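Residue-level structure breakdown
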Amino acid sequence: MPKDVIIACDFASRQQTLEFLDSFEGRRKPFVKIGMELFYAEGPDIVRELRRRGHPVFLDLKLHDIPNTVKKAMRVLSGLDVQMCNVHAAGTVEMMRAALEGLTREDGSRPLLIAVTQLTSTSEERMQKELLIGAGMGETIVKYAQNAREAGLDGVVCSPLEAAMVKDACGADFLTVTPGIRFADAAKDDQVRITTPARAREIGSDYIVVGRPVTAAPDPVAAYERCLKEFLNQ
Ligand code: C5P
């Protein structure tokens, strides 16, 4: 099973992103995550540029629409040569199946496809009161992960603290991609359910997504290398 550290490139522009990544010149090219902000600002060209520079890319656009629309949108994304993309599991098993179909190229190859279960910004109380989901958070996350597995997806995004539960329910080969990573000696920022890279490895995360602990570090390359060392135990 591949394990890696993914840097969340939560920058507003191409210029900021490329300046940040320039500091990794001559070293291991980090796996990077491009989210809605950067993609909406710069369009697919930023993805092509990062691929051209040799970075593996997780395109974090969290698609959620009717199955036919998601299938067609995924067909477009399949042409971008990214390594990973995602949808909301709340779109149903049918929508996730359509996403997978759209993403699969004529030769049968495709990027990894993972599902968002419940956003970590959603509390159990809001989920129950506003979304009228009566089950608890843990049960909901496991069910959504099982739906993703049933649809043929490769894994889910979840909190590192939920990774073990997802693995128990869906199997060791079902990927867990986990944000909410902080060094033991650092600030939590706005994240609540957090853990360290080393602990995420012990719990069974396959990919950790790290933003500010690397992007806002005085020495981002050193911070990234610390993540690799702790997470991959190298
Ligand atoms: O800066 P930080 O390490 O908190 O960044 C985490 C990244 O992971 C951000 O891009 C955030 O949007 C993303 N994310 C998250 N929680 C989720 C899903 C995605 O923090 N449940």
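A brief report on the enclosed structure follows. (Residues numbered from 1 in each chain as written. Predicted model: local features only at pLDDT ≥ 70, side-chain atom pairs only at ≥ 80, totals over all residues. Heavy atoms only, no water.)

1. A closer look at the side chain of T17
As for its position among the elements, T17 is in helix α1 (residues 14–22). Judged by its relative accessible area of 0%, T17 is buried. Residues contacting T17, with those up to four places away along its chain left out, are C9, F11 and L38. (Helix = DSSP H or I, 4+ residues; strand = E, 2+ residues; numbered from the N terminus. Buried < 20%, exposed > 50% of the residue type's maximum accessible area, 1.4 Å probe, protein only. Contact = heavy atoms within 4.5 Å.)

2. Focus: the environment of Q146
For Q146, the position within the fold is in helix α7 (residues 137–150). Counting along the chain gives 65 residues from Q146 to G211, while the straight-line C-alpha distance between them is 28 Å.

3. Quick notes on the sheet that holds strand β3 (residues 57–63)
Spatial strand order, β1-β2-β3-β4-β5-β6-β7-β8: 8 strands in a closed barrel with parallel pairing. With direction set aside, neighbouring strand axes in the sheet form an average angle of 25 degrees. Contacting β3, β4 (84–88) and β5 (112–116), helix α5 (residues 93–103) runs over the sheet at an angle of about 155 degrees to β5. Running over the sheet, helix α11 (residues 220–232) touches β1 (4–8), β2 (31–34) and β8 (207–210) and is turned about 145 degrees from β1. (Pairing = 2+ DSSP bridges. Axes fitted to C-alpha atoms, helices over the stretch in contact; angles between N-to-C directions.)

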